[in-house]
Amino acid sequence: MDKIFEQLESVLIHYDDIQEQMSDPDIIADTDRYMALAKEEGSLRDVVAAYKRYKEVLDDIEGSDEIMRETKDPEMLEMAKEELEDGRKEKAELEDKMKILMLPKDPNDDKNIIMEIRGAAGGDEASLFAADLLNMYSRYAERQGWKTEIIDENPTEVGGYKEVVVMITGDSVYSKLKFENGAHRVQRIPATESAGRVHTSTATVGVMPEYEQVDLVLDPKDIRTDVFRSSGAGGQHINKTSSAVRMTHIPTNIVVSMQDQRSQQQNRVKALQILTTRVYDYYESQNAEAYAEKRKTSVGTGDRSERIRTYNYPQNRVTDHRIGLSLNKLDRIMNGELDDIIDALILHDQTAKLEQLAND
């Protein structure tokens, strides 16, 4: 904890310096500089508030301890004893809170996400499960006050999805959904199963932070753009104009098609946004082994081939295999009540990081 206190003192000094800069008229006039400082000030606010409160609690404890040593008044003694107990309890709580607040931040935690859900093994049942997962995440997003927008889809005739891409925007979306990467397995009796046998199918979920163009700018020379006519379900409602867009990033051969927007220009903007994210994610994954080594404390590898969770319908049970958590409320979880799972994953990740920090 001594090492953390040293860091906290530095943070406090830096925080005071930021606030002083933010009152400088020259910086106030520089919008970009001021906004950058405001963002940094906001990121430090909670830990600074906790540390300042911690110092106050230490003073209160010292004061209560002094009264207990010097007073002979029974009422004063009893009051000081209660205040000392409360102070020690709050001190321990603040220490735990500051340890977590001082953990290295994932730079993507504040970002929006692009989520890709694909039906994998299991044919029609896998595509239906992909639709169920989309509904689950959409309901969870609604509970969080986030906005969900389908930006690409490849539906199946049975009402599922071979693939669906959704953008989720809001407050710290990636921080809560980043552990959803991986293979999700479902065990249930399909509607078409006459013998009542339980089938096992899988769908994969990919979660990527929404990388803005300031993070990665694609060279226009590396992008081939083709336009074609948009079509509705089953190939009907063919437009008279070519408004759909297909972009190919030539160095990586990554392809994005977009036809959901009203105009070709809107489809171009959205396609480039998704292409940028996918290409950035591709380059990041090239260093996946080194990245995983740096983040030994992460929950799982994030590999989409890794089976992370099983949804067992006959037993109304969901099991997250990475942390050994089983909950017998599948119906509620599929309705978007994911807090228990997500909170447990975040806590597990924080605990592992704290252990690593203690061993360093």
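As shown above, the structure is provided for reference.
This is a predicted model, so every value here is computed, not measured. (Residues numbered from 1 in each chain as written. Predicted model: local features only at pLDDT ≥ 70, side-chain atom pairs only at ≥ 80, totals over all residues. Heavy atoms only, no water.)

Asks: Explain the overall build of the protein chain to me, using residue names and the numbers behind them.
Replies: Broken down by element type, the protein chain carries 10 helices and 11 strands. Sorting the 360 residues of the protein chain into buried and exposed places 38% on the buried side. A separation threshold of at least 6 residues defines the contact pool for the protein chain, and within that pool the share at least 24 residues apart is 62%. Surface accessibility of the protein chain: about 20600 Å² in total, with carbon and sulfur atoms responsible for 47%. (Helix = DSSP H or I, 4+ residues; strand = E, 2+ residues; numbered from the N terminus. Buried < 20%, exposed > 50% of the residue type's maximum accessible area, 1.4 Å probe, protein only. Contact = heavy atoms within 4.5 Å. Areas by Shrake-Rupley, 256 points an atom, 1.4 Å probe, with all protein chains shown as cover.)

Asks: Give a description of the sheet that holds strand 8 (residues 254-258) that names residues and reports values.
Replies: Two orientations exist for strands paired in a sheet by backbone hydrogen bonds: parallel and antiparallel. Spatial ordering of the open sheet is given by 6-7-8, a layout of three strands whose pairing is antiparallel. The open sheet has two edge strands with one neighbour each: strand 6 (223-228) and strand 8. In this sheet, neighbouring strand axes are inclined to one another by 15° on average, regardless of whether the strands run parallel or antiparallel. With five bridges joining them, strand 7 (residues 244-249) and strand 8 adopt antiparallel strand pairing. Paired with Met247 across the two strands is Val256, which belongs to strand 8. (Pairing = 2+ DSSP bridges. Axes fitted to C-alpha atoms, helices over the stretch in contact; angles between N-to-C directions.)

Asks: Tell me about the sheet that holds strand 5 (residues 199-209), and name the residues and values.
Replies: Strand order in the open sheet made by the eight strands is 2-3-1-5-4-9-10-11, with mixed pairing throughout. Each having just a single partner strand, strand 2 (147-155) and strand 11 (325-327) make up the two edges of the open sheet. Averaged over all pairs of adjacent strands, the angle between strand axes in this sheet comes to 15°, irrespective of strand direction. In this sheet, strand 3 (residues 161-169) lies alongside strand 2 in antiparallel orientation, the contact comprising eight bridges. Counted as the bridge partner of Pro155 is Tyr161 from strand 3.

Asks: So, helix 5 (residues 124-144): which residues are in play, and what are the values?
Replies: Side chains that are three or four residues apart share a direction in an α-helix, a result of its 3.6 residues per turn. With 21 residues, helix 5 extends 31 Å from end C-alpha to end C-alpha; this agrees with the ideal 30 Å at 1.5 Å per step. Those residues of helix 5 not exposed but buried are Glu125, Ala126, Ser127, Phe129, Ala130, Ala131, Leu133, Leu134, Met136, Tyr137, Tyr140 and Ala141. A positive phi of about 80° marks Gly145, the residue just after helix 5. (Expected span 1.5 Å × (residues − 1).)

Asks: Can you explain a negative patch on the surface? Please cite residues and give values.
Replies: On the surface, Asp59, Asp60, Glu62, Glu66, Glu70, Glu78, Glu82, Glu83, Glu85 and Asp86 cluster together into a negatively charged patch. Elements with a minimum of two residues in the negative patch: helix 3 (31-70) and helix 4 (74-101). Examined against the element boundaries, Glu66 turns out to sit in helix 3. Glu66 gets classed as partly exposed once you look at its relative accessible area, which sits at 37%. (Patch = residues over 30% accessible without salt bridge, like charges linked within 9 Å, V, L, I, M, F, W, Y side chains within 5 Å. Salt bridge = Lys/Arg side-chain N within 4 Å of Asp/Glu carboxyl O. Lys, Arg positive; Asp, Glu negative; His and termini not counted. Charge placed at Lys NZ, Arg CZ, Asp CG, Glu CD.)

Asks: Break down the packing of aromatic side chains for me, with residues and values.
Replies: Per the stated rule, a full pass over the model turns up two aromatic pairs. A ring pair is formed by Phe129 and Tyr311, whose centres lie 5.3 Å apart and whose planes are at 70°; its orientation type is edge-to-face. In this pair, Phe129 sits in helix 5 while Tyr311 sits in strand 9 (residues 307-312), placing the two residues 182 residues apart along the sequence. A relative accessible area of 0% means that Phe129 is categorised as buried. Arranged with centres 5.6 Å apart and planes meeting at 85°, the rings of Tyr140 and Trp146 form a pair that is edge-to-face. Using a relative accessible area of 1% as the deciding quantity, one classes Tyr140 as buried. Its relative accessible area of 9% is what places Trp146 among the buried residues. Here the guanidinium or amino end of Arg188 rests over the ring plane of Tyr313, the centre of that ring lying 4.9 Å away. (Phe/Tyr/Trp six-rings, centres within 6.5 Å; stacked < 30°, edge-to-face > 60°. Lys NZ or Arg CZ within 6 Å of the ring centre and 35° of its normal.)

Asks: Please give an account of unusual backbone geometry that cites residues and values.
Replies: Positive phi, normally seen in glycine, also occurs at Asn253, with a value near 60°. Secondary-structure assignment places Asn253 in the loop between strand 7 and strand 8. Exposure remark for Asn253: the relative accessible area of 58% places this residue in the exposed category. Even without a glycine there, the phi angle at Asn316 is positive, about 50°. Tracing the chain through its elements places Asn316 in the loop between strand 9 and strand 10 (317-320). Taking relative accessible area as the criterion, Asn316 reaches 26% and is therefore assigned partly exposed.

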